[in-house]
Amino acid sequence: MLKFNLLRIFGEYLVFLWRAFTNREPLRIYWKLYIDECLLIGIDSLTIVAITSTFIGAVTAVQTAYNLVSPLIPLYIIGLIVRDMTILELAPTVTAIVFAGKVGSNIAGQLGTMRITEQIDALEVMGINSISFLVLPKILAGITMYPLLVILAAFLSIVGGYIAGTVGGLITPDEYIYGIRADFIEFNVAFALIKSFVFAFLITTISAFQGYHTRGGALEVGIASTKAVTNSCIALLLADYLLAELLV
Amino acid sequence: MIEVKNINKSFEGKQVLFNISAVFKPGTTSMIIGGSGTGKTVLLKSIVGLIPPDSGQVLFDGRDFYNGTREEKKALRQEIGMLFQGGALFDSKTVEENVRFPLDMLTNMPMDEKMDRVNFCLKRVGLENANKKMPSELSGGMKKRVGIARAIVLQTKYLFCDEPNSGLDPLTAIMIDNLIYEITKEYNITTVVVSHDMNSVMEIGEHIIFIYKGAKLWEGDNESIFQADVKELNEFIFSNKLTRKFKVG
């Protein structure tokens, strides 16, 4: 029964995506919506992403230094580990969880409220494809802005590691800089960006799906927001594993 | 003219509409009345295409809504205006943007023409100075009036109103009823109003359909409704002291 239910929900999700990308309104209509969503999804997320990524980098540097017990291991390893952990996992994945919490719940709450106050019905009565009109700009803004946020998060995380390492006396600035430049694999950056596109798509579409199908009142809008965050996190962790298996 | 033919609708095995047929004429305010949960709103939403019926036809001046192509449906929808129970105004847009929204989405009108039309419609509903207000700054009655302005901005041929005066004080409710009635006459619109408010029925009910447990039990007008010999309708009409006094009188 549970398996059947999951399959049904997945089928509905696919139909939802199909409707978001087909029978669109003229493209001129989406431009302003896209810019608005970019501001909401991207610019409004800067502060939280900056704070979390800086501290994650700092904590990674401190934890790595704490675990380096052998004097045979050079200290520049701290910089190298901060860099690789940041680019491969912390910047795209941990930021995605923060992003799901902030943007995902916002999308589900917005669409859920529009649903229960009949604003979505009003669009449908006018002959507008409400899914495409409301969701497509969010998806496009998500896959535009989230990779930029990931790049910023990676940069700030490495800077956070540098500050924590050098101010705390764990590593010299030269060692840290040497560490973050040593054995650099360019593909890791591409891998992080591929992840960020996939995660942004999953978070925006799953959250929109939850919000769009809200039924009831304020309580159900709250439930939809919670489900949006939970389901997005599960989906992005699953996608993280699958991408690691496929691309590494 | 809207023709509804043999509409049936079920939700999860429970039938909520039973073989409903009706004709709604232009220039007439038709009302669908009945108690809560009898299927009035489901019927209205089936007519406007928000809840597709399991069987039956809805014809807008002979055009079959459910058997039309996507383009035909879209064209037809542009002739339909709907006033929702809570107004359904877009929270993030001003009054002016809300009313202009159908024009922005569905026409290629130049901005000055759009603004002329928006200002005309806002003036028509008595809100000429509310252009820049946000929906959160409006009273319930004002929201309904903005909803009406948005519904008629495309020079609508068919107007649907779901409980237009719910949550309003009696005076504002009558004002909204009269506004709907006047607009119907002025533009020869086919108007269908869902309501359970007997004041509205008396005020504007030129053509009334009484729905009971998903079936049409009676059809007439606000003159004949008090002479109707239908037990369920009489229970509905004379459910309060005021109408009971009227009956005795």
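Residues numbered from 1 in each chain as written. Chains lettered and ligands numbered in written order. Predicted model: local features only at pLDDT ≥ 70, side-chain atom pairs only at ≥ 80, totals over all residues.

Undergrad: I'd like to hear about the overall build of chain B, residue by residue, with values.
TA: Of regular secondary structure, chain B possesses 9 helices and 10 strands. With respect to the principal axes defined by its C-alpha atoms, chain B has extents near 55 × 45 × 35 Å. Across chain B, contacts joining residues at least 24 apart in sequence account for 65% of those joining residues at least 6 apart. (Helix = DSSP H or I, 4+ residues; strand = E, 2+ residues; numbered from the N terminus. Contact = placed C-beta atoms within 7 Å.)

Undergrad: Describe the interface of chain A and chain B, with residues and values.
TA: Taken residue by residue, the interface counts 13 residues in chain A and 15 residues in chain B. No other element matches helix α5 (residues 119–125) of chain A, which puts 5 residues into the side of chain A that touches chain B. Across the side of chain A that touches chain B, the residue classes break down as 5 nonpolar, 4 polar and 4 charged. (Nonpolar A, V, L, I, M, F, W, Y, C, P; charged D, E, K, R; others polar.)

Undergrad: I'd love a proper account of the domain arrangement of chain B, names of residues and values included.
TA: Residues and elements named next belong to chain B. Along its sequence, chain B is organised into domain 1 (1–79 + 158–165 + 189–249) and domain 2 (86–156). Taking only C-alpha atoms into account, the centre of domain 1 sits 26 Å from that of domain 2. Between domain 1 and domain 2, the residue contacts involve 6 residues of the former and 6 residues of the latter. Among the residues forming the side of domain 1 that touches domain 2, the class breakdown is 4 nonpolar, 1 polar and 1 charged. (Domains from an automatic or database assignment.)

Undergrad: An account of the packing of helix α3 (residues 95–106) of chain B against helix α4 (residues 111–124) of chain B is needed here, citing residue identities and associated values.
TA: Helix-helix packing is described using two parameters, namely the angle between the two axes and the distance between the axes. All names here are of chain B. In contact at an axis separation of 10 Å, α3 and α4 are set at 125 degrees when each is read in the N-to-C sense. Looking at the two axes, α3 sits oblique to α4. For α3 against α4, the interelement crossing comes out right-handed. Within the contact between the two elements, α3 uses Glu96, Val99, Arg100 and Leu103 and α4 uses Lys114, Arg117, Val118, Cys121 and Leu122. Looking at the contact of α3 with α4 residue by residue, the classes come out as 5 nonpolar, no polar and 4 charged. (Axes fitted to C-alpha atoms, helices over the stretch in contact; angles between N-to-C directions. Parallel < 35°, antiparallel > 145°, perpendicular 65-115°, else oblique. Left-handed = near helix turned anticlockwise from the far one by under 90°.)

Undergrad: Give me the lowdown on the sheet that holds strand β6 (residues 80–83) of chain B, citing residues and values where you can.
TA: Residue and element names in this part refer to chain B. Across the sheet, 6 strands lie side by side as β6-β7-β8-β3-β9-β10; this open sheet has mixed pairing. Looking at which strands have only one partner, the edges of the open sheet turn out to be β6 and β10 (215–220). Across the sheet, the mean angle from the axis of one strand to that of its neighbour is 20 degrees, orientation sign disregarded. Against the sheet, helix α5 (residues 140–152) touches β6 and β7 (158–162), its axis set at about 175 degrees to β6. (Pairing = 2+ DSSP bridges.)

Undergrad: Account for the sheet that holds strand β2 (residues 14–24) of chain B, naming residues and giving values.
TA: Residue and element names in this part refer to chain B. Sheet architecture is open: 4 strands sit in the order β2-β1-β4-β5, paired in antiparallel fashion. Bordering the open sheet on either side are β2 and β5 (63–64), each of which pairs with just one other strand. By the bridge criterion, 5 bridges tie strand β1 (residues 2–11) to strand β4 (residues 55–60) in an arrangement that is antiparallel. Bridge pairing in β4 links asparagine 8 to serine 55.

Undergrad: Could you give an account of the environment of glycine 27 of chain B, naming the residues involved and the relevant values?
TA: Residue and element names in this part refer to chain B. Positionally, glycine 27 belongs in the loop between β2 and β3 (29–33). On the basis of neighbour count, glycine 27 is assigned to the partly exposed category, with 13 C-beta atoms found within 10 Å. Linking glycine 27 and asparagine 108, residues 81 residues apart in sequence, is a C-alpha distance of 28 Å. Those residues in contact with glycine 27, other than ones at most four positions away along the chain, are Thr184, Lys185 and Asn188. (Buried ≥ 20, exposed ≤ 12 C-beta atoms within 10 Å, placed from the backbone.)

Undergrad: So what about the nonpolar core? Which residues, and what values?
TA: Inside soluble globular proteins, nonpolar side chains tend to come together where they are buried. Grouped together as the largest cluster of nonpolar side chains are 131 residues, with contacts concentrated most on Ile203 of chain A together with Ala149 and Phe160 of chain B. At 17 residues, helix α6 (residues 130–167) of chain A tops the list of elements feeding residues into this core. Residues from two domains meet in this core; each of domain 1 (1–79 + 158–165 + 189–249) and domain 2 (86–156) of chain B gives at least three. Beyond its immediate chain neighbours, meaning those up to four positions away, alanine 149 of chain B contacts Val99, Cys121, Leu122, Arg124, Val125 and Leu127 of chain B. (Core = buried A, V, L, I, M, F, W, Y, C linked by C-beta atoms within 7 Å.)

Undergrad: I'd like to hear about the pairing of strand β8 (residues 190–195) of chain B, residue by residue, with values.
TA: All names here are of chain B. Among the 6 residues that make up β8, 6 are buried, leaving the element largely enclosed by the rest of the structure. Here β8 shows a buried face lined by Thr190, Val192 and Val194 and a second buried face lined by Thr191, Val193 and Ser195. Judged from the 5 bridges that link them, β3 and β8 form a sheet pairing that is parallel. Its bridge partner lying in β8, isoleucine 33 is registered against serine 195. Summarising the sheet, β7 and β8 pair through 5 bridges and their orientation is parallel. By the bridge assignment for β8, leucine 159 is matched with threonine 191. In this fold, β7 hands off to helix α6 (residues 170–187), which returns the chain to β8; that crossover is right-handed. (Right-handed = clockwise from strand over helix to strand, strands pointing away.)

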